[in-house]
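# Topology and contacts: notes
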There are 2 protein chains.
Amino acid sequence: MDPTQIENALERIRAALEAGEVQSAIDSLRELRPADRAEAFVDLEDDEVAALLPELSPRTTARLLTELEDQQAVELAETLDTDRLAEALDRMAPDEAADVLGDLDPQHAADVLAEMEAAEGVRPLLPFPDKTAGGRMTTSFISLPLSISAAGAIELLRRVEPGSDTPYYLYVQDMAGRLVGVVGMRELLLASPEAAVQGFMKSKVNFVQTHDDQEVVARLMSRYGLGAIPVVDDQRVLRGVISHDDILDVIEQEATEDLYRLANISSSDLSIDSPVVTSVRRRLPWLYINAVTALFAAWVIANFQTLIAQVAVLAVFQSVVAGMGGNTATQSLTLMVRAIALGEQGARQAKRTVLKEGLIGLLHGVFVGSVVGLGVWLWKRNLALGGILAVAIVGNMLVAGLVGALVPLVLKSLKLDPALASSVIVTTFTDCIGFALFLGLGAAFLPQLL
Amino acid sequence: MDPTQIENALERIRAALEAGEVQSAIDSLRELRPADRAEAFVDLEDDEVAALLPELSPRTTARLLTELEDQQAVELAETLDTDRLAEALDRMAPDEAADVLGDLDPQHAADVLAEMEAAEGVRPLLPFPDKTAGGRMTTSFISLPLSISAAGAIELLRRVEPGSDTPYYLYVQDMAGRLVGVVGMRELLLASPEAAVQGFMKSKVNFVQTHDDQEVVARLMSRYGLGAIPVVDDQRVLRGVISHDDILDVIEQEATEDLYRLANISSSDLSIDSPVVTSVRRRLPWLYINAVTALFAAWVIANFQTLIAQVAVLAVFQSVVAGMGGNTATQSLTLMVRAIALGEQGARQAKRTVLKEGLIGLLHGVFVGSVVGLGVWLWKRNLALGGILAVAIVGNMLVAGLVGALVPLVLKSLKLDPALASSVIVTTFTDCIGFALFLGLGAAFLPQLL
């Protein structure tokens, strides 16, 4: 977390590498905590990585692969030969290892898997898509048979020596492997040794299914404050467990996705650190779409070109009308997208909410339009200009409130992401309607404007 | 989570209330899980709440107060008389009770506190601001003396009967109350009974201080995957514990805040469900600021009014230049704000990143400008118009990339929130520069345009 600490370690690593002391460089890297190591590691130059990598222990390599971002982890994995990668993956949590394997070329992944000792923990995770409960869960959890006693469970726990990433809950399965209950370590600790787990387990268990979307899982865990949630298949057989720190990543990812989509960045794995070529390619499509809608708005203005030649001052203020609509719409849109994302906006209240946002847009329009209209009247000494500007602003901000709240709801009802494309659609509306309203009023009151 | 379940419960509650069967209405409410109850409760009309409230048990009231949003919880608390509120608060987690008390009128809060039995757990939490570690922590944690054995710790645990919201870790304090170690329930379970806690506790403990910002805490817990983190004061005396579900709220809150601020909504407790008056008042200031900047951009255009009267077609395309700059800038801005929020963007790489975004803007400008310029040349049969449009787009998108990345960094270095006001500042730049570039080029190439 401490940037100077990472900075200092980087300096020591570089100095050691220059002096040819690879082991001392590794020691400096290992002094950092795993998450910080990953950050330092990505700052190294390619030749520095090449010098360091062959000397890293499988354990340190495993930690690095765990902490790096997906894209970076795969790049690192691809530079390792099959044996060394298998050794490192063996030391990772099964879900993290599966993530790395899933991003590799399939043939390479199969070769690595064949070399792995812990392949049986990882293999069941491979078929699940990344952003589902199955893709997020780990198979390293502890399950108890229904017939066990508290003492037996503790004995079992002692034998498996759970790692630090194993959830703090024990899941109880029946003979068919179906999830029938959950026991916290706390309850186990407090139970009398001979008590049957069946007697004190909690049998009303929250669970999700392997194919559930990660966002649904996150919403459920956050809503009910769960530290971990079991994942079952269609037969309710326990397949894995998702724990709270996995869900933090999901919540951050989903927030990033919404934020990006409202800014017309459709790829949520893009960041400010992405390479130039990737950034240009992935951000360009939405800029082209924006250009098309901008030209459409320009076409609206083009219909009033002779009017503008007569009353050029209209060209000065047309963007104010469009812009104020855009700003109002962005507010309504963002509030609606966030409410949908947090599960606070159902279809029930939809109509009332849209009308309410329309009312708010209208009121904002009256407040802003009157002040701006008055100001422009005084500035340009033209009452008609101030008047039509005020009216156009009121009208466009009313539309903006309605459309801003409506578009995400419509996208959602079409089973599309409410954040995706909303802002383009909405600002196209506010631009076109803003220009048409203001210039149309200008045409109607031409004699007064001249 | 299941909307139909809530909907059905609401119907049953209403039917029961109409039939005057308050107890049956309460039973229907209690069949829902606490988080769902809160959602159903806020959908009730005032007279329905008034009928239900006097009959709710202190425990059910406590659950409701815990699950409601802050604002709603306070409104509910204010309708309860001092005794009943005190009874309910006694049954809440100390940090949740402190939150409610902190939002009440100070005199009312003092009266309620005087009636409470659990006041001593709540009182130490009251001085801490809401969004700090102190404001987020709970005092209901379990601490162990340094000298205790594993068996002694289990005995102590049995005596205090920890509630379900108590973290899964036990904190070890020295004689002065200073935090010296942490023991997981798992380790306690696996330790031999006579082993001293001092021998197997982890003495390298992550901790935060009471005055730390909640965002710092969230970042730390998410980065290192912590299930709970102890909070200490300046003397390293243990004061409280923050657990993973508190931090989920923080992460969602901070994401909401960034999203809102980029959309010029400065108050993060606003939502699409806020009352009209609150919404109008809180969202209006930024709309006024936007109006001022829009008028400034209009003033830029006003300088070219005689040019526009001669070549009205310029008024058709000026907004395309400004808009494409705005879109490019929004992308850079959003990526930068998010990177800063996730702690991925330090001052180290700042200069390189800004230049890179400038390069990306330039490349995007070339791609978009050439296509739009070509299209407009063919549309309006005017080569000079297409040419100056293309050049102005390239120039404005270059500026947009630079400014979009730079502004959040500058705001951050001034210790301001990088999300707040960035989008207004940046789009003011891209509007003004876009208009000036395009119309300036128009003036320079006037003979070719006519």
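Further remarks concern the domain arrangement of chain A. Domain annotation of chain A identifies domain 1 (3-127), domain 2 (136-245) and domain 3 (276-449). Centre-to-centre, using C-alpha coordinates, domain 1 of chain A lies 50 Å away from domain 3 of chain A.

This part takes up the sheet that holds strand E1 (residues 142-145) of chain B. All names here are of chain B. Sheet architecture is open: three strands sit in the order E1-E2-E3, paired in mixed fashion. This sheet does not close on itself; its edge strands, each paired only once, are E1 and strand E3 (179-184). Between one strand axis and the next, the sheet turns by 35° as a mean value, whatever way the strands run. Examined bridge by bridge, strand E2 (residues 169-173) and E3 share five bridges and lie antiparallel to one another. Each bridged residue has a counterpart across the sheet, and for Leu-170 the counterpart in E3 is Val-183. Lying on the sheet, helix H12 (residues 150-160) is in contact with E1 and E2; it crosses E1 at an angle near 145°.

Each partner contributes to the interface: chain B provides 117 residues, whereas chain A provides 117 residues. Connecting chain B to chain A are six salt bridges. The interface formed by chain B and chain A contains 36 residue pairs in polar contact (both at pLDDT 80 or more).

Moving on: a negative patch on the surface. All names here are of chain A. Judged by side-chain charge, Glu-75, Glu-78, Asp-81, Asp-83, Glu-87, Asp-105, Asp-111, Glu-115 and Glu-117 come together as a negatively charged surface patch. Counting only elements with at least two residues in the negative patch, the list comes to helix H6 (70-79), helix H7 (82-90) and helix H9 (106-115). By the secondary structure assignment, Glu-78 is in helix H6.

Take the sheet that holds strand E1 (residues 142-145) of chain A next. Think of a sheet as strands paired side by side through backbone hydrogen bonds, with each pair either parallel or antiparallel. Residue and element names in this part refer to chain A. The three strands are arranged E1-E2-E3 in an open sheet whose pairing can be described as mixed. Taken across any chain shown, the strands that pair with only one partner, and hence form the sheet edges, are E1 and strand E3 (179-184). Strand-to-strand twist across the sheet, computed as the mean angle between neighbouring axes with direction ignored, equals 35°. Helix-sheet contacts for helix H12 (residues 150-160) involve E1 and strand E2 (169-173), and the interaxial angle to E1 is about 145°.

On a regular strand, each side chain points to the face opposite its neighbour's, so the side chains alternate between the two faces of the sheet. Residues and elements named next belong to chain B. Across the five residues that make up E2, a large majority, four, are buried. Sheet topology places E1 next to E2; four bridges connect them, and they run parallel. By the bridge assignment for E2, Leu-144 is matched with Val-172. The hairpin turn running from E2 into E3, its antiparallel successor, is five residues long, and Gly-177 in that turn takes a positive phi close to 85°.

About the criteria used
- Residues numbered from 1 in each chain as written.
- Chains lettered and ligands numbered in written order.
- Predicted model: local features only at pLDDT ≥ 70, side-chain atom pairs only at ≥ 80, totals over all residues.
- Heavy atoms only, no water.
- Domains from an automatic or database assignment.
- Pairing = 2+ DSSP bridges.
- Helix = DSSP H or I, 4+ residues; strand = E, 2+ residues; numbered from the N terminus.
- Axes fitted to C-alpha atoms, helices over the stretch in contact; angles between N-to-C directions.
- Contact = heavy atoms within 4.5 Å.
- Salt bridge = Lys/Arg side-chain N within 4 Å of Asp/Glu carboxyl O.
- Polar contact = N/O pair within 3.5 Å; in protein donor to acceptor, adjacent residues only side chain to side chain.
- Patch = residues over 30% accessible without salt bridge, like charges linked within 9 Å, V, L, I, M, F, W, Y side chains within 5 Å.
- Areas by Shrake-Rupley, 256 points an atom, 1.4 Å probe, with all protein chains shown as cover.
- Lys, Arg positive; Asp, Glu negative; His and termini not counted.
- Charge placed at Lys NZ, Arg CZ, Asp CG, Glu CD.
- Buried < 20%, exposed > 50% of the residue type's maximum accessible area, 1.4 Å probe, protein only.

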